[in-house]
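# Results of the structural survey
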Amino acid sequence: HHHHRATMASVLAQLARKEGIPGLYKGVLPTLLGIFPYAGLKFFVYQYLKGVYMEGGRAKEGTTGEEKVEGERFVSTPMKLVFGASAGLVAQTITYPLDVVRRRMQVQDLASGDPSGKIRSSLQGLGLIYRTLGVRKGLYAGLSLNYLKVVPSTAIGFAVYDTAKEYLGHRTSI
């Protein structure tokens with residue numbers, strides 16, 4: 001006898017039959033909406049901190065920084081790690097509730113709960129989670145564990161990124 005093994009393709013085909021092609025992209029919008037602000041904030045915070053630090057270096061040298069671009073303050077690897085970690089911390093803290101909503105949205109159809117607690121959009125989801133679970137147990141549930149992943153990875157990511165750019169001779173002010 002031939003038993004059917006659930007492959008990635010068979011699961012996708014089943015989902016497409018049941019929900020149509022849009023079913024395959026459920027949660028893609030909240031995912032993108034979560035990634036863009038997160039990535040943007042991450043770069044913004046990193047560059048901002050680095051800029052402030054480099055300006056501090058220029059002020060000490062007493063140059064306006066206009067006449068010598070080469071006088072850019074050297075940013076040591078530990079400082080890059082600090083700025084990268086801070087960037088990850090800030091970006092994650094601001095965008096985390098969107099992640100929570102997205103994860104809920106993606107799994108809610110697996111659980112057959114009452115439709116009143118269904119998340120239909122990111123904004124409505126934020127409101128629903130806030131009203132039912134509050135801030136700490138709802139919108140920011142699991143954040144501290146998330147920091148353990150995000151903070152070191154962002155710190156290392158930016159330090160490597162910047163060091164590689166320096167090595168390749170690119171200006172490091174993104």
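Each value, and the rule that gives it
- Residues numbered from 1 in each chain as written.
- Predicted model: local features only at pLDDT ≥ 70, side-chain atom pairs only at ≥ 80, totals over all residues.
- Heavy atoms only, no water.
- Core = buried A, V, L, I, M, F, W, Y, C linked by side-chain atoms within 4.5 Å.
- Buried < 20%, exposed > 50% of the residue type's maximum accessible area, 1.4 Å probe, protein only.
- Helix = DSSP H or I, 4+ residues; strand = E, 2+ residues; numbered from the N terminus.
- Polar contact = N/O pair within 3.5 Å; in protein donor to acceptor, adjacent residues only side chain to side chain.
- Contact = heavy atoms within 4.5 Å.
- Axes fitted to C-alpha atoms, helices over the stretch in contact; angles between N-to-C directions.
- Parallel < 35°, antiparallel > 145°, perpendicular 65-115°, else oblique.
- Left-handed = near helix turned anticlockwise from the far one by under 90°.
- Nonpolar A, V, L, I, M, F, W, Y, C, P; charged D, E, K, R; others polar.
- pLDDT = per-residue confidence, 0-100.
- Patch = residues over 30% accessible without salt bridge, like charges linked within 9 Å, V, L, I, M, F, W, Y side chains within 5 Å.
- Areas by Shrake-Rupley, 256 points an atom, 1.4 Å probe, with all protein chains shown as cover.
- Salt bridge = Lys/Arg side-chain N within 4 Å of Asp/Glu carboxyl O.

### Points about the nonpolar core
Core analysis: the largest hydrophobic core is formed by 9 residues, namely Tyr96, Val100, Val101, Met105, Ile119, Leu128, Ile129, Leu139 and Leu143. At the level of elements, helix H4 (77–107) and helix H5 (122–133) are the ones that each hand at least two residues to this core. For this core, the leading source of residues is H4, giving 4 residues. Residues Val45, Tyr46, Met54 and Val75 belong to the second largest nonpolar core, which totals 8 residues.

### Focus on the side chain of lysine 80
When you line up the elements, lysine 80 lands in helix H4. At 3.3 Å, the side chain of lysine 80 forms a polar contact with the side chain of threonine 163. Excluding residues within four positions of it along the chain, lysine 80 makes contact with Tyr46, Val75, Ala155, Ala159, Asp162, Thr163 and Glu166.

### Some words on the packing of H4 against helix H7 (residues 143–167)
Running from N to C, H4 and H7 point in directions that differ by 135 degrees, and their axes come no closer than 7 Å. It follows from the interaxial angle that H4 and H7 lie oblique. Every pair of crossing elements has a handedness; the one defined by H4 and H7 is right-handed. When its residues are assigned to classes, the contact of H4 with H7 shows 13 nonpolar, 8 polar and 3 charged.

### Comments concerning the confidence of the model for the protein
Looking at the protein, pLDDT values average 79 and 76% of them are 70 or higher. Contacts from residues 62–71, a stretch scored under 50 in pLDDT, to residues over four places away or in other chains number 7 contacts.

### Here we look at a nonpolar patch on the surface
Residues Ile21, Tyr25, Val28, Leu29, Leu32, Leu33, Ile35 and Phe36 make up a contiguous nonpolar surface patch of about 800 Å² in total accessible area. Per-element accounting of the nonpolar patch gives the leading share, 6 residues, to helix H3 (residues 28–61). Residue position: tyrosine 25 is located in the loop between helix H2 (21–24) and H3. Tyrosine 25 gets classed as exposed once you look at its relative accessible area, which sits at 52%.

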